Structures are given as structure tokens and as C-alpha cells.
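Breakdown of the fold
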Amino acid sequence: MYIGSNAITRLIDDTSGRLRVAYVACATKLPEMSEPERDVVEFVLTTDVYSEREDLEPDDLPSIYRTVFWENGTIERPLVPTVEATREATGVDDPWDTVSGLMFTSHDDFSEEIKLTDREMAEEWLGKRIELEEILENPTLASIFEDDFDEVSYKRAREQVRPARADRAWIDSLLEEYFAEEEEEEMLDLVDIRAPEEVDMRLDDLVLTEDQEGEINKLVKAIEHRDYLARIGLREIGKLLFVGPPGTGKTSVARALAHELDLPFVEVKLSMITSQYLGETAKNVEKTFEVARRLSPCILFMDEFDFVAKTRASDEHAAIKRAVNTLLKSIDEISLIQDDVLLIGATNHPDQLDAAAWRRFDEIVNFPKPDVGMRADILRVVTRDMEIEDYDPEELAEMTEGLTGSDLRLVLREAVLNALTEERTTLTQDDLVDAVANFEERDNLKNLDMIEGDHDALVAGGTPSADGGHDHEGHDHSHSED
Ligand SMILES: Nc1ncnc2c1ncn2[C@@H]1O[C@H](COP(=O)(O)OP(=O)(O)O)[C@@H](O)[C@H]1O
Ligand SMILES: [Mg+2]
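In what follows, the accompanying structure is described. All values derive from a computational prediction rather than experimental measurement.

This paragraph deals with the sheet that holds strand β11 (residues 341-347). Spatial ordering of the open sheet is given by β7-β9-β10-β11-β8-β12, a layout of 6 strands whose pairing is mixed. Single-partner strands in this sheet number two, and they are β7 (191-194) and β12 (363-366). The sheet shows a mean angle of 20 degrees between the axes of neighbouring strands, taken without regard to direction. Across 4 bridges, β7 lies against strand β9 (residues 265-269) in antiparallel orientation.

As C-alpha cells, this is what we get:
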């Protein structure tokens, strides 16, 4: 059973009438035979122990309990198990009714707090009923039961429990602390923060070049051994620039890394620096870096990095220039070794970057359009869960020169939807061949349409389908501004 009904939803009704929903999926699994009485006692006992033991930290609480207590980026002692808090943490509707018959519980009518009148008795009672697995999901409990059960160890429980910095609730409480109500909307436009649990991209789903794999491995090692790197004074690490045409997996790799390394993912949308709230932008850039530092270790991802160079070159509004300068200064000051912040920039237009922008990165990772072998691999990955008769990814790969991973996904999507219109969920190789032909046709039309206002397409030349302009996310600003 999942505590689905307990999922926490935060709604921010912004002025444009859009509804922003920050959603915490509570994937915390309850034991199959959940017993309300036991769950409530576990929670109350845990808060009791935690409140008393100063040596315990937020990481010692199950994440669902932490969710209840985060405030301003901290969990303050004492933890008070009010009826409401207990309900939220356990999913039990009437927590006090559930445990009122036990010898060792009481209830304060005024504070609505559930209390233990005899902690030892509570421990004994719970020790007889709780499953080992459950103790191992609760380091605070494990610390008191460690001596009673051979299989229980505090250390093991700590390894199992998700680190506190990965909690959406913690991230939200940090943001509330840094960005006051009025500023929040503006800030949310500029930065998007995801807990690793909310990142749905996996490295397994991505086909990487050898070079990319090498860089990722280096990075993983560097993060693992950052104390050593700090000791020997090696600081020039942890600032990467991903370079390549749209749709080649830059954003996906950055996100997958967040999941792989269990790090929060902070995405700064540089184009948003030009938003209407210019006066505040430089300040918000600073705050964003401050948030990244507080969230650390984390990944700070800056898409559309070419924006920086363009702004420096042109005679933009002074406030924009100020914001960009603040940004560059902040990048200089942040570091993987000192602040535990991994910085990844991405750009579709490396040609527009000036020396000042380049030199801020330690490593450039190239994201080329996939070659024939990679295209076949990408096709295999994206069709992993599909049924396809006479499937021949190599043949399709031969036919799709110039297409990116993103294009290939669109081809597949087209084929699947077409088959569905015929009530088929099994595809054939012919469906895919047709979808490739359709894609190229559509792509030609799209590019013809754009050529009028689009010098890139002409300059980058050759056939329109080879111009690298398959930007299906619409983040490519060069077309409108050049
Ligand atoms: N090498 C790849 N392997 C698997 N999927 C890819 C690859 N490159 C791109 N994709 C897919 O294409 C889509 C767009 O990729 P994205 O990461 O947004 O590209 P970029 O940030 O470079 O524009 C994603 O759904 C991604 O999974
Ligand atoms: Mg991208």
C-alpha cells in the first residue's frame, strides 16, 4: 500500500491565472500489513527519542516524518507529535483514537499532543510488533533497537534512508526562506528546482558517446573523492559545458546525473533574465546561487548559455547586463570542491560564446548528432517496451542520417500514434519506415517555412534537414533575434 492520499500538494495561484503545482509523490512504501496502532506508536516514539537526542540529525528520520517538520530549512527540536502531525506522517485518520487504549499513551487536550507516559513500555510494546525492515527504514528507531536485535544496525538504516537534502519539502522550505511571497513568482520563472526523486531521466535511457561516458565517469569519481581533491588543492573541476545541436541529450544527461548521484537539480533559465521584473533580477541571480549553496551538494544547470555572450556583446538594458555580470561573478565564486555545487552549462550555439564565457568551464563535453551506430542504439532504447514485427533498427538508422535523439523519439511517437488510429498496439518495421519518411517531409516543410526570417538555416546551408535546427522544445532563441 502507498500513502498516496497523503501526498502533499502545494498550489501557488499566480496572477496570470496559471496554477503551479509542486507535488511530492510519497513513494514511501508502507508494509503490506500496515497496522495503524503500531504506526502511530512508531511515530510518537521516534519524535520522542529524536527530541531528546541532540546527536541525531534530519537524516536520521524517515523522509515522510521529515516532511511534517521541515521549517526554514531546518527541523527544530522538540518534534511535537500533535494529532495533525501524526495524521500527516502516518496516514492514520484518527491517530489518538487508535492508540488511546494503550497503557503508555496520553493526550493533551489543549496542545493536541499525543504523549508517551512510559517510554520504556512503549519501546517494549513496539519491539514486539515491528518488522525488522521497518526499523531499518527509521535510523532513529534503529539506534534504540540496535542492541535488542542482531540484524538491526543504525549504520545500515542510515545507508538505506534517503538523504534529507533530497526531500522536496526541505527544498520548498529553503525557497520560502530565501524568496518572500511577492518575489516567489519571479524567482520561479528564473529557477526550477527538482528533488532527485522528481527527476525522471535515467542514464540507462541515454545513448552516450565514449567521450561523454568518460567525462561522466571522471565526474562521478571527482564527487566521490572531493575531500581528497580539496586536500591536494585541485580546484579546476566541476564546471562543465555541454555543447551541441538541440535534441542531442544535453538536458537529459544533466538531469540523469542528478538522479544517478542523488543530487537536487537546480536549473537556471537564462533567457528568463530578460523577464519584466528586471530590477530584481541581479538580486535573484545571487539568491539562486545562495540557494544552490544551501542545497549542496547539488547540480546547478544553466541552459542556453550562449545568452550570456549575446548579452555582453549587444547594448542591452543596463539591468540585464548587471544580472549577467552577477551571474558570471557567481559562477566564478562557486566550486565543486568548496561548495559541493556541480555546475553544468549547455549551449546550442558554441560559436556565439566569447572567450570570457569559455574560460569559466574546466571541461567541454561535445554532444554531436548521433552517428549511425548510436542512432540504432537510441532506437533500441526508445522501443524497449514496444512490440515491433520484423524490427530492424539498423535499417532505420541508415535512413535517418542527420536526425537527433529527439527527432528519433518523435519518429517513434508518430508511428505509435498512427498504429493506434488503426487500433494496433503492435508496430511493424513498415510503420517505422513510413514514419521516417513523414518526419523528413514535415521537417522540410517546417524549414522552408522558417527560411524567410532565419539566416541560420541558410548559412548552415546544405539541405534544410541537415542544418541542426530541429529544436522541438522551442528554446532556440537565435532564430528570432538574429
Ligand atoms: N543520445 C540520446 N540517447 C537517448 N535519447 C536521447 C539522446 N539524445 C536525445 N535524446 C532524447 O531526445 C529528447 C530531447 O533531448 P534533450 O536532452 O532535451 O536535448 P538537448 O538538451 O540537447 O536539446 C529527450 O527525450 C531525450 O531522451
Ligand atoms: Mg536542452
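There is more to say, and it comes next.
The next thing to look at is the side chain of Thr400. By the element assignment, Thr400 lies in the loop between α20 (393-399) and α21 (405-421). Aside from chain neighbours lying at most four places away, what touches Thr400 is Arg375, Leu408 and Val436.

Moving on to the pattern of salt bridges. Inspection of the entire model under this criterion finds 31 salt bridges. The salt bridge partner of Asp340 is Arg226, with a shortest N-O separation of 2.5 Å. Taken together, the positions of Asp340 in the loop between α17 (336-339) and β11 and Arg226 in helix α12 (residues 226-231) put the pair 114 residues apart, joining distant regions of the chain. We note a salt bridge from Arg375 to Glu401, for which the minimum N-O separation is 3.9 Å. Note that Arg375 is positioned in helix α19 (residues 372-382) and Glu401 in the loop between α20 and α21, a separation of 26 residues in sequence. When its relative accessible area of 2% is taken as the criterion, Arg375 is described as buried. On the basis of relative accessibility, which here comes to 63%, the residue Glu401 falls in the exposed class. Sharing partners across several salt bridges, the network here consists of Asp48, Glu52, Arg119 and Glu123.

Definitions and limits used
- Sequence order as written defines residue numbering, which begins from 1 separately in each chain.
- As they are written, the chains are lettered A onward and the ligands numbered 1 onward, keeping that order.
- Local features in a predicted model are, by the rule used here, given only for residues with pLDDT of at least 70; side-chain atom pairs are given and counted only at 80 or more, and totals for whole chains, interfaces and linings are based on all residues.
- Computation of side-chain values: all heavy atoms of the structure, hydrogens and water removed.
- When DSSP locates at least two bridges between a pair of strands, those strands are taken to pair.
- A run of DSSP states H or I qualifies as a helix once it reaches four residues; a run of E qualifies as a strand once it reaches two. Both are numbered from the N-terminal end.
- Fitted lines through C-alpha atoms serve as axes, helices being fitted only where they are in contact, and the angles separating the N-to-C directions of these axes extend from 0 to 180 degrees.
- Here, two residues are considered to be in contact whenever any of their heavy atoms come within 4.5 Å of each other.
- Put simply, a salt bridge is a Lys or Arg side-chain nitrogen that is within 4 Å of an Asp or Glu carboxyl oxygen.
- Whether a residue is buried, partly exposed or exposed follows from its accessible area with a 1.4 Å probe, protein chains only, as a fraction of its type maximum: under 20%, in between, or over 50%, in that order.

So, to be careful, I would describe these as geometric facts and stop short of saying anything about function.
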